[in-house]
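Spelled out, the chains give:
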Amino acid sequence: MIWNYHWDPDQMNRGEPYYSSLIRILVFFVFLESLPVRGQNIDVVSEDVVSLSDITYNLRSGIGVTDNVLYSNNNEVSRSYAVIGLDLTAFQIRGDEREFSVFLSADHEQYFESDPVDSESFVLAMAEYRHHLYNNWWIGLGSEYLYIDQLLDLSADDDFNIVQATGHSFGILPTVEKKLAGDWIVSLDIPWRRQYYNDPLDDYTEASPELMLSYKTGQYSQLRLKANLEYRGYDSRTIHGSLSPHQLSDILNFERSGVDLRYRHYLDHSRKWRSTTVLGFLNNKDNGDGYYNYDRFTAKQELLYKANSLQIRSGIGLSNYHYANQKDDTQNQLRRKRVVRAEIRASYAVRDNLKIFSAYRFERSLSNSSYDNYRANNVSVGMEWEF
């Protein structure tokens, strides 16, 4: 898996679409925050409008090994792989209070042996336009495209366990933001997405409005509270169990509601150390007999160190799933699932535009259903070029 575990506990399970709205937006804007100042250009759009613009390319390649490529509980297969990737980020901030931004990320992971998995790929493209209206009101419109060809654990809310998921996703992301008195910001995002999968997975349409309130608690800290609703309607996947008298269709859909709290804080005045803590809750309900109903509790802690040429990022996260109706192997207890994930990644700039990196990832799924237990380790090293 190339793009898994990017410091977001809301998508802790590999079956959860880690490319959902929250992580996509976070990936996008965290990357923008890291842009080098030296690449910025000041352009004169007209006599009255001056803009600040930048474009950054990041190429990376490396090799790695994973000891359980299938995320299996009884058939662990170790495989080595080579990976190549590209990131492109561009933005323009105009003096007439308009902002444009584009982000592209692509990764391809090629295993040295084609059995049982030949390769995994990921492509994410995003574009956004933001405009200041008046009195600190902002509106924005974004679009996105996603391609995946990856092994996913879909056991959280599907009848599959590990499956090679191949598909495309298209999305539109309108947003409204208001900067309040002090350092308060409130925003409403209303993303809509259409997901197309190859067999055996079913296509679906998804809408997930999100309300977010953030507050900058001083120069070194930020607090953010987010609440979201989500509706996912499948094309042909049917409900579990029989159709009730009041239901007109047996096509499955999910209704989800969630909330998470994030606290980000710099631990020193030089901003070399940064801590991020996230707590989250999600409730999932289906329109059938409740077979897929569950509550998910998540917690994540990340620590980032960045100074001169060295950067180290480490994180650990926990997700607990409590199912309302599914039973374990013995059919005597309700199903429980716990996913623990940890990562540490270090990079060092040997030149102005060249970095070397090493990374270690650990993932452990614990459940009272035997098919849902697995352990996986992944180690990789490589180089990054930035232009």
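What counts as what
- Residues numbered from 1 in each chain as written.
- Predicted model: local features only at pLDDT ≥ 70, side-chain atom pairs only at ≥ 80, totals over all residues.
- Heavy atoms only, no water.
- Helix = DSSP H or I, 4+ residues; strand = E, 2+ residues; numbered from the N terminus.
- Buried < 20%, exposed > 50% of the residue type's maximum accessible area, 1.4 Å probe, protein only.
- Contact = heavy atoms within 4.5 Å.
- Areas by Shrake-Rupley, 256 points an atom, 1.4 Å probe, with all protein chains shown as cover.
- Lys, Arg positive; Asp, Glu negative; His and termini not counted.
- Salt bridge = Lys/Arg side-chain N within 4 Å of Asp/Glu carboxyl O.
- Phe/Tyr/Trp six-rings, centres within 6.5 Å; stacked < 30°, edge-to-face > 60°.
- Lys NZ or Arg CZ within 6 Å of the ring centre and 35° of its normal.
- Patch = residues over 30% accessible without salt bridge, like charges linked within 9 Å, V, L, I, M, F, W, Y side chains within 5 Å.
- Core = buried A, V, L, I, M, F, W, Y, C linked by side-chain atoms within 4.5 Å.
- pLDDT = per-residue confidence, 0-100.

(A) Examining the overall build of the protein more closely. Check the secondary structure of the protein and you find one helix and 19 strands. Per-residue burial for the protein yields a buried fraction of 48% across its 387 residues. For the protein, long-range pairs separated by at least 24 residues make up 57% of all intrachain contacts whose partners lie at least 6 apart in sequence. When the accessible surface of the protein is summed, it comes to about 18500 Å², and 58% of that surface belongs to carbon and sulfur atoms.

(B) Quick peek at the side chain of D203. As for its position among the elements, D203 is in the loop between β9 (192-197) and β10 (204-207). The buried charged residue D203 lacks any salt bridge, with R194 as its nearest oppositely charged partner at 4.4 Å. Apart from the residues lying within four places of it in its own chain, the contact partners of D203 are R194, Q195, Y196, Y197, G233, Y234 and D235.

(C) Representation of the pattern of salt bridges in the model. Within the structure shown, the criterion is met by 21 salt bridges. Here R79 makes a salt bridge to E113, at a shortest N to O gap of 3.7 Å. Of this pair, R79 sits in strand β3 (residues 79-94) while E113 sits in the loop between β4 (98-111) and β5 (119-132), and the two are 34 residues apart along the sequence. Note that E144 is salt-bridged to R193, the shortest N-O span being 2.4 Å. Within this pair, whereas E144 is found in strand β6 (residues 137-153), its partner R193 is found in strand β9, the two being separated by 49 residues in sequence. With respect to burial, E144 and R193 carry one shared label: buried. Connected through salt bridges with shared partners, the residues D157, E206, E230, R232 and R256 form a single ionic network.

(D) Focus on the packing of aromatic side chains. Under the defined criterion, the tally for this structure stands at 16 aromatic pairs. Between Y197 and Y204 the ring centres are 6.3 Å apart and the planes differ by 55 degrees, which places this aromatic pair in the tilted class. Judged by relative accessible area, which is 5%, Y204 ranks as buried. Where F281 meets F297, the ring centres are 5.1 Å apart and the plane angle is 50 degrees; that geometry is what we call tilted. A residue pair is termed long-range when its members are at least 10 positions apart, and F281 in strand β14 (residues 273-286) and F297 in strand β15 (residues 294-307) qualify at 16 residues. Residue classification places F281 among the partly exposed residues on the basis of a relative accessible area of 31%. The partly exposed category is assigned to F297, whose relative accessible area is 40%. In textbook terms, an aromatic cluster arises when at least three aromatic residues are bridged by ring pairs, as seen for Y197, Y204, Y234, F254, Y291 and Y292. It is R232 that lies over the ring of Y204; its NZ or CZ is 4.2 Å from the centre.

(E) Geometry of a nonpolar patch on the surface. Residues L180, W184, L213, L223, L225, V259, L261, Y263, L279, F281 and F297 make up a contiguous nonpolar surface patch of roughly 880 Å² in combined accessible area. The set of elements that each furnish at least two residues to the nonpolar patch consists of β12 (221-238), β13 (251-266) and β14. The leading source of residues in the nonpolar patch is β13, at three residues. Here V259 is to be found in strand β13.

(F) A look at the environment of A156. Structurally, A156 is set in the loop between β6 and β7 (162-179). Residue class for A156 comes out buried when judged on its relative accessible area of 0%. As a C-alpha pair, A156 and Y292 span 136 residues in sequence and 8.2 Å in three-dimensional space.

(G) Representation of the nonpolar core in the model. With 18 residues, the main nonpolar core has L124, I148, A165, Y197, L201 and L252 as its most contacted residues. Looking at this core, the elements with two or more residues in it are β5, β6, β7 and β13. L201 has contacts with L154, D158, F160, V163 and A165, leaving out every residue within four places of it along the chain. Residues V69, V77, Y81 and Y111 belong to the second largest nonpolar core, which totals seven residues.

(H) Here's a closer look at the confidence of the model for the protein. Per-residue pLDDT for the protein averages 86, and the proportion of residues at 70 or more is 85%. Here residues 1-39 scores under 50 on pLDDT; set against residues more than four positions off or in separate chains, the count is 143 contacts. Here residues 44-49 is modelled with pLDDT under 50, and outside its nearest four sequence neighbours on either side it reaches eight contacts, counting other chains as well.

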